[in-house]
Each structure stands twice: as C-alpha cells, then as structure tokens.
Amino acid sequence: PSILDYGTPEQIERYAMPILRGERAACLGMSEPGAGSDLASLSTRAELDGDRWVINGQKVWTSGANYADFCFLVARTDPDVPKHDGLTFFIVDMRSPGIDVRPLVQAQGVAHFNEVFLSDVRIPVANVVGEVGAGWKVTRTTLRSESSMISGAGQATGFAAVLNTARRVGRTD
C-alpha cells in the first residue's frame, strides 16, 4: 500500500505489481535492536553518495527477509532534525552486496523472523519512496497496513509447526 500511495509510476510497475501478482516477495525493514517500540529512534543510516544511497545498520524481527526479493526499509537520512523528520523510506534489493540475513529460530524450531545486517549497501536514488526526509509518513502507512493484515490472522504459528514441535519433544499425546 505504501508504494501504491507514495511511489512513482515506475516503482508501482517495478515493485508493487509483481508483489500483487505473487511473482515477487517483499519484507519490511523497520524494527531495530536499539529502538524498541520507538521506531523513530532508529539508527540505521543512509547517506547520499552521488547517485546512490549508502545504507549501514541492522534490522531485526524482519519477517520473510530470508526469501524476500525486496525490503521496504526506513533509515535515518538527517540526524540533525527532529527524529520523525529525518527518516526516508527506501526499496532495497535483497540481493545487493553488503546484506547479511540471519534467521532468528524460535522455540518451536521455526524461523519466521530474521536479523538483517546492512554494510555499505548501495541503492539508486530512484529507490526512495516519497520524499527524502518524509519517510515517517510512508512508514505510518506501512504500519497501518501491516497491523490490519496481522489482525486479520495469517501470522500465527501454524498447526504443522506446533505438531512438529510436539513430535520433537515427544508430547503428541
């Protein structure tokens, strides 16, 4: 929804439409270890270098990062303004050099979530969604959509994962 609301026609055609057709998958690069529930206090940075943004930082609890084609990521682009004003929303190709995805294995033995480490990840300026420094507005749209999807179910641990855990610990009775 954020790409449809704030993206350019080229972004909509290149990213949103393949996702809507089920041809590509995306993940959300939002939460960070040091930010807690205050997402706007994130520390992942993006700095402009010519016609590329260079991103460095870490995201956590990133569902599907291990198979996603793209990441919709929010990063700090201006540390000298109030925290909500210094954020920008990006589309990052998950095959970019400098991305390291590490699964977070849960007690049931499944890994729905991942940590994503970004080290000098270079992305084109065309991959900014909305305006530079206006990423909080785009992020809020994303979070509203995610909240609606989660509250509609589909994100809970499935029966197969629970059964596999019960079998692993010998408690199927």
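Note that the coordinates shown come from a computational prediction; the quantities given were computed from them, not determined experimentally.

Draft legend 1. The pattern of salt bridges, seen in detail. Scanning all chains against the criterion turns up seven salt bridges. Residues K59 and E32 are paired through a salt bridge, measuring 2.8 Å at the closest nitrogen-oxygen approach. Here E32 lies in the loop between β1 (26–29) and β2 (45–49) and K59 lies in strand β3 (residues 52–59), a separation of 27 residues in the sequence. Using a relative accessible area of 5% as the deciding quantity, one classes E32 as buried. For R102, the salt bridge identified is with D100, shortest N-O distance 2.8 Å.

Draft legend 2. Fine view of the environment of G130. Counting through the fold element by element, G130 comes out in the loop between β8 (128–129) and α3 (135–151). Along the backbone, G130 and D5 are 125 residues apart, and their C-alpha atoms lie at a distance of 8.8 Å.

Draft legend 3. Spotlight on the nonpolar core. Ranked by internal contacts, the top residues of the largest apolar core, which has 18 residues, are I55, L73, F90, V92 and M94. Put simply, the parts of the chain that give this core at least two residues each are β3, β4 (70–76), β5 (87–93) and β7 (113–124). Sorting elements by how many residues they give to this core places β7 first, with four residues. Setting aside its immediate chain neighbours within four residues, F90 contacts A46, W53, I55, C71, F72, L73, A75, T77, I123, N127 and V128.

Draft legend 4. Quick look at helix α4 (residues 159–168). All of the buried residues in α4 are A161, T165 and A166. All buried residues of α4 lie within an arc of 140 degrees about the axis, which places them on one face of the element. Among the exposed residues of α4, those oriented more than 90 degrees off its buried face are F159, A160 and R167. At the exit of α4 stands G170, carrying a positive phi of roughly 70 degrees.

Draft legend 5. Seen up close, the layout of surface pockets. Taken as a whole, the second largest pocket encloses approximately 190 Å³ of empty space. What lines the second largest pocket is a set of 15 residues, and nearest its centre among them are R14, Y15, P124, A126 and N127. Only α2 (9–20) and β7 provide two or more residues apiece to the lining of the second largest pocket. Looking at the lining of the second largest pocket, the element that brings in the most residues is α2, giving four residues.

Draft legend 6. Layout of the pairing of β1. Of the two faces of β1, the one holding C27 and G29 is buried and the one holding A26 and L28 is not buried anywhere. Direction of pairing for β1 relative to β4: parallel, over a ladder of four bridges. Bridged to A26 within β4 is F70.

Draft legend 7. Region of interest: the packing of aromatic side chains. The full count for this structure, using the stated rule, is four aromatic pairs. Ring centres of W53 and F90 lie 5.4 Å apart, and the angle between their planes is 65 degrees; this geometry places the pair in the edge-to-face category. In this pair, W53 sits in strand β3 while F90 sits in strand β5, placing the two residues 37 residues apart along the sequence. Note on W53: relative accessible area 7%, which makes it buried. Ring centres of F72 and F89 lie 6.5 Å apart, and the angle between their planes is 20 degrees; this geometry places the pair in the stacked category. Of the two residues, F72 is situated in strand β4 and F89 in strand β5; the sequence distance between them amounts to 17 residues. As far as the burial class goes, F72 and F89 line up, both buried. The lysine or arginine in question, R102, covers the ring of F117, its NZ or CZ lying 4.1 Å from the ring centre.

About the cut-offs
All residue numbers refer to positions counted from 1 along the written sequence of the respective chain. The model is predicted, so local features are restricted to residues of pLDDT at least 70 and side-chain atom pairs to those at 80 or more, both for listing and for counting; the totals for chains, interfaces and linings are taken over all residues. As a rule here, side-chain values cover all heavy atoms of the structure and leave hydrogens and water aside. Salt bridge criterion: a side-chain nitrogen from Lys or Arg within 4 Å of a carboxyl oxygen from Asp or Glu. Numbered from the N terminus, helices here are DSSP runs of H or I no shorter than four residues, and strands are runs of E no shorter than two. Classification of residues uses two cut-offs on accessible area relative to the type maximum, computed with a 1.4 Å probe and protein chains only: under 20% is buried, over 50% is exposed, and between them is partly exposed. Side-chain atoms within 4.5 Å are what join buried Ala, Val, Leu, Ile, Met, Phe, Trp, Tyr and Cys residues into a set we call a nonpolar core. By definition, residues are in contact when any of their heavy atoms lie within 4.5 Å. Think of the arc as the fan of directions from the helix axis to the C-beta atoms. Only protein atoms enter the calculation, which uses a 1 Å grid: trapped sets of points that fit a 1.4 Å probe without letting it out are cavities, open sets showing protein on both sides within 12 Å along at least five of seven lines are pockets, and any residue with an atom within 4 Å of a point is a lining residue. Grid points are joined across faces, edges and corners, and a volume is the space filled by probe spheres set on the points. Paired strands, in this sense, are two strands between which DSSP finds at least two bridges. By convention, a stacked pair of Phe, Tyr or Trp rings (six-membered ring in the case of Trp) has centres within 6.5 Å and planes under 30 degrees apart, an edge-to-face pair has planes over 60 apart, and any other such pair is tilted. In this analysis the charged atom, NZ for Lys or CZ for Arg, is taken to sit over a ring once it is within 6 Å of the ring centre and within 35 degrees of the ring normal.

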